[in-house]
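Residues per chain, in single letters:
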Amino acid sequence: LVLGCDDDETNTSGASASPTHTDTNFWTESGRASGTSAAEVQTGTMTGMKDYVWIEAYCKGGNSNDNFINFNNDEGGNYANLYSRNGGSYASDTGQGVGLRIAQGTTTEQFCNMFVVNRATQRKLGFGYTVSDQAGGDSDRQMFSVKWNNTSDQITNVGLDRADSTFTYGIIRVWVGE
């Protein structure tokens with residue numbers, strides 16, 4: 001299953017237009033934010049939320065603290081994730097207060113992709129990966145599954161958080177899908 005997949009490939013304009021196909025995209029950008037020398041970058045309140053959320057984050061830390069993504073400014077210990085670094089053994093975080101740990105401490109550039117099911121009355125479950133630049137030209141990757149233990153709200157705000165430190169820069173973009 002590919003969320004947002006268009007397997008028709010038929011153009012809806014001109015003489016060969018398909019009567020059952022539309023060019024409406026599954027994903028619509030809902031929020032974006034960026035910051036420098038900040039401890040947290042927030043999208044602010046996003047409207048028109050849907051059942052699926054796609055998050056992209058790109059950042060560079062000023063020191064070796066970890067990076068987190070949180071939802072709706074919740075820092076109350078409601079996050080859990082299971083992750084593996086570079087194909088190694090799985091480790092877990094439960095009761096995380098800052099958010100979902102997307103990468104372990106590094107001062108290098110990091111790119112994260114995360115997909116989350118966003119139904120208000122259910123826990124938010126998702127998966128993703130982070131790729132980090134490393135010294136010597138190598139890259140690290142962290143694969144993870146995530147849970148936000150909230151059964152009363154949809155995700156309406158996404159934050160990229162540096163915990164007790166600051167980002168050199170941080171960028172976050174959020175898309176929503178039907």
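A. Summary view of the side chain of arginine 101. One can find arginine 101 in strand S7 (residues 100-103). On the basis of relative accessibility, which here comes to 13%, the residue arginine 101 falls in the buried class. A polar side-chain atom of arginine 101 sits 2.7 Å from a polar atom in the side chain of aspartate 93. Ignoring sequence-local partners within four residues, the contact set of arginine 101 consists of Asp66, Asn67, Phe68, Asn81, Asp93, Gln96 and Gln142.

B. Inspection of the sheet that holds strand S1 (residues 27-36) at higher detail. Taking strand neighbours across the sheet as the criterion, the 8 strands line up as S1-S12-S3-S8-S9-S10-S5-S6 in an open arrangement whose pairing is antiparallel. The open sheet has two edge strands with one neighbour each: S1 and strand S6 (90-96). The sheet shows a mean angle of 15° between the axes of neighbouring strands, taken without regard to direction. Pairing of strand S3 (residues 52-61) with strand S8 (residues 109-117), which is carried by 9 bridges, proceeds in the antiparallel orientation. Across the sheet, isoleucine 55 pairs through a bridge with methionine 114, a residue of S8.

C. Summary view of the side chain of glutamine 96. Along the polypeptide, glutamine 96 turns up in strand S6. When its relative accessible area of 15% is taken as the criterion, glutamine 96 is described as buried.

Reading the values: the criteria
Residues numbered from 1 in each chain as written. Predicted model: local features only at pLDDT ≥ 70, side-chain atom pairs only at ≥ 80, totals over all residues. Heavy atoms only, no water. Helix = DSSP H or I, 4+ residues; strand = E, 2+ residues; numbered from the N terminus. Buried < 20%, exposed > 50% of the residue type's maximum accessible area, 1.4 Å probe, protein only. Polar contact = N/O pair within 3.5 Å; in protein donor to acceptor, adjacent residues only side chain to side chain. Contact = heavy atoms within 4.5 Å. Pairing = 2+ DSSP bridges. Axes fitted to C-alpha atoms, helices over the stretch in contact; angles between N-to-C directions.

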